[in-house]
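# Examination of the molecular architecture
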Amino acid sequence: MAIRKIFQEGEECLAKRCREVTVFDDKLSQLIDDLFDTLKKADGAGLAAPQIGVLRRVAVVNVDGVKMELVNPQIIAAEGQQIGEEGCLSVDFSKNCEVLRPQKVTVRAYDRYGKMFERTVTDLPARCVCHELDHLEGILFYTRKYQCK
Ligand code: ZN
């Protein structure tokens, strides 16, 4: 268990596509524990591996009673829309802005042991899943800033 440094916007690790996880070992388990510990310390809703400098497709979410570890996650269904303010532990809060996200998503992912699961979440946890999956593509939320017409 360890609190890791959260990298800030401008660092290369936040702008790259992360690689798939192929080995489900103790190192992966350690990474997931570190993500949860670092997220808790920072009092955030979700954290992705590239935010602590690890370019792997791993993220954790812990918000509104939804706690998930996501390895190689994919959104397999999305429904509805929600507009709400987002921020990020890797971006200065002055860049917080409204982002349009699905109201409900079903995510398919693996846990640390390599067991596949699917889970459907709504509202803030759905927003958080989308935000963390963006990190795995090197995308920061404010590039999706909602512009009303
Ligand atoms: Zn973020």
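As a reminder, the structure under discussion sits directly above these lines.
This section reports on the structure supplied with the text. In this convention, every chain numbers its residues from 1, walking through the sequence in written order. Reporting in this predicted model follows two pLDDT cut-offs: at least 70 for local features of residues, and 80 or more for side-chain atom pairs to be given and counted; totals over whole chains, interfaces and linings ignore these cut-offs and use all residues. Based on all heavy atoms of the structure, the side-chain values leave hydrogens and waters out of the count.

So, about helix 2 (residues 123-136). Along an α-helix, a turn takes 3.6 residues, which lines up residues three or four apart on a common side. Look at helix 2: 21 Å from first C-alpha to last across 14 residues, which is about the 20 Å you get at 1.5 Å a residue. Buried residues are those whose accessible area, probed at 1.4 Å on protein chains only, stays under 20% of the maximum for their type, while exposed residues exceed 50% and partly exposed ones sit between those limits. Here a strand is any run of E in DSSP of at least two residues, a helix any run of H or I of at least four, and the numbering for each starts at the N terminus. Helix 2 sits mainly inside the fold: twelve of its 14 residues count as buried. Gly 138 occupies a position one or two residues after helix 2 and carries a positive phi of about 80 degrees. What a helix is expected to span follows from its residue count: subtract one and scale by 1.5 Å.

Tetrahedral coordination by four donors sets the ideal angle at the metal to 109.5 degrees; octahedral coordination by six donors sets it to 90 or 180 degrees. For Na, K and Ca the donor cut-off is 3.2 Å, while for other metals it is 2.8 Å, and in both cases only N, O and S atoms qualify; water is not among them, so sites may look incomplete. Those protein atoms acting as donors to the zinc ion are Cys 88 (SG), His 131 (NE2) and His 135 (NE2), and they sit at 2.0 to 2.2 Å. Motif for the zinc ion, donor spacing along one chain: C-x42-H-x3-H. With His 131 and His 135 both in helix 2, this residue pair falls four residues apart, about one helical turn. Note on accessibility: His 131 and His 135 belong to one class, buried.

This next bit is on the pattern of salt bridges. A pair is scored as a salt bridge if a Lys or Arg side-chain nitrogen falls within 4 Å of a carboxyl oxygen belonging to Asp or Glu. Under the defined criterion, the tally for this structure stands at 13 salt bridges. Here Arg 57 ties to Glu 137 by a salt bridge, and the two come within 2.5 Å at their closest N and O atoms. Taken together, the positions of Arg 57 in the loop between strand 1 (46-48) and strand 2 (58-63) and Glu 137 in the segment after helix 2 put the pair 80 residues apart, joining distant regions of the chain. Residue class for Arg 57 comes out buried when judged on its relative accessible area of 6%. Among the residues examined, Glu 137 registers a relative accessible area of 32% and is labelled partly exposed. A salt bridge links Arg 108 to Glu 118, with the nearest nitrogen and oxygen atoms 2.8 Å apart. With Arg 108 in strand 6 (residues 104-110) and Glu 118 in strand 7 (residues 116-122), this pair connects stretches of sequence that are ten residues apart.

Moving on to the sheet that holds strand 6. The rule for pairing is simple: two strands pair if DSSP sees at least two bridges between them. Strand order across the open sheet formed by five strands is 1-2-3-6-7, with antiparallel pairing between neighbours. Two strands bound the open sheet, and with one partner strand each, they are strand 1 and strand 7. Each strand axis lies, on average, 40 degrees off the axis of its neighbour in the sheet, ignoring direction. By the bridge criterion, six bridges tie strand 3 (residues 66-79) to strand 6 in an arrangement that is antiparallel. Each residue of the ladder has a partner; that of Gln 74, found in strand 6, is Arg 108. The strands that helix 1 (residues 26-42) touches are strand 1, strand 2 and strand 3; relative to strand 2, the one it contacts most, it runs at about 35 degrees. Axis geometry follows a simple rule: fit a line to the C-alpha atoms, using only the stretch in contact for helices, then measure angles between N-to-C directions, giving values from 0 to 180 degrees. Whether two residues touch is decided by their heavy atoms; if any such pair falls within 4.5 Å, the residues are in contact.

Between the rings of Phe, Tyr and Trp (Trp by its six-membered ring), a pair exists once the centres lie within 6.5 Å; its type follows the angle of the planes, with under 30 degrees stacked, over 60 edge-to-face, and the other angles tilted. For the structure on display, the rule yields two aromatic pairs. On the basis of an interplanar angle of 55 degrees and a centroid distance of 5.9 Å, the ring pair of Phe 24 and Tyr 110 is categorised as tilted. One end of the pair, Phe 24, is in the segment before helix 1; the other, Tyr 110, is in strand 6, with 86 residues separating them in the sequence. Here the aromatic rings of Phe 141 and Tyr 142 are separated by 5.7 Å at their centres, their planes lie at 85 degrees, and the arrangement is edge-to-face. Overall, the relative accessible area of 2% leaves Phe 141 in the buried class. In this structure, Lys 5 packs its charged tip against the face of Phe 7, placed 4.4 Å from the ring centre. Consider the ring centre and the ring normal. A charge sits over the ring if Lys NZ or Arg CZ is within 6 Å of that centre and within 35 degrees of that normal. The ring of Phe 36 carries Lys 67 above its face, with NZ or CZ at 4.8 Å from the centroid.

Attention now goes to helix 1. In this model, helix 1 (17 residues) spans 24 Å end to end at C-alpha, consistent with the 24 Å of a helix rising 1.5 Å per residue. The complete set of buried residues in helix 1 reads Leu 28, Ser 29, Leu 31, Ile 32, Asp 34, Leu 35, Phe 36, Asp 37, Thr 38 and Leu 39. Those residues of helix 1 hidden inside the fold are in contact with strand 1, strand 2 and strand 3. Among the residues trailing helix 1, Asp 43 stands out with phi positive, at a value near 60 degrees.

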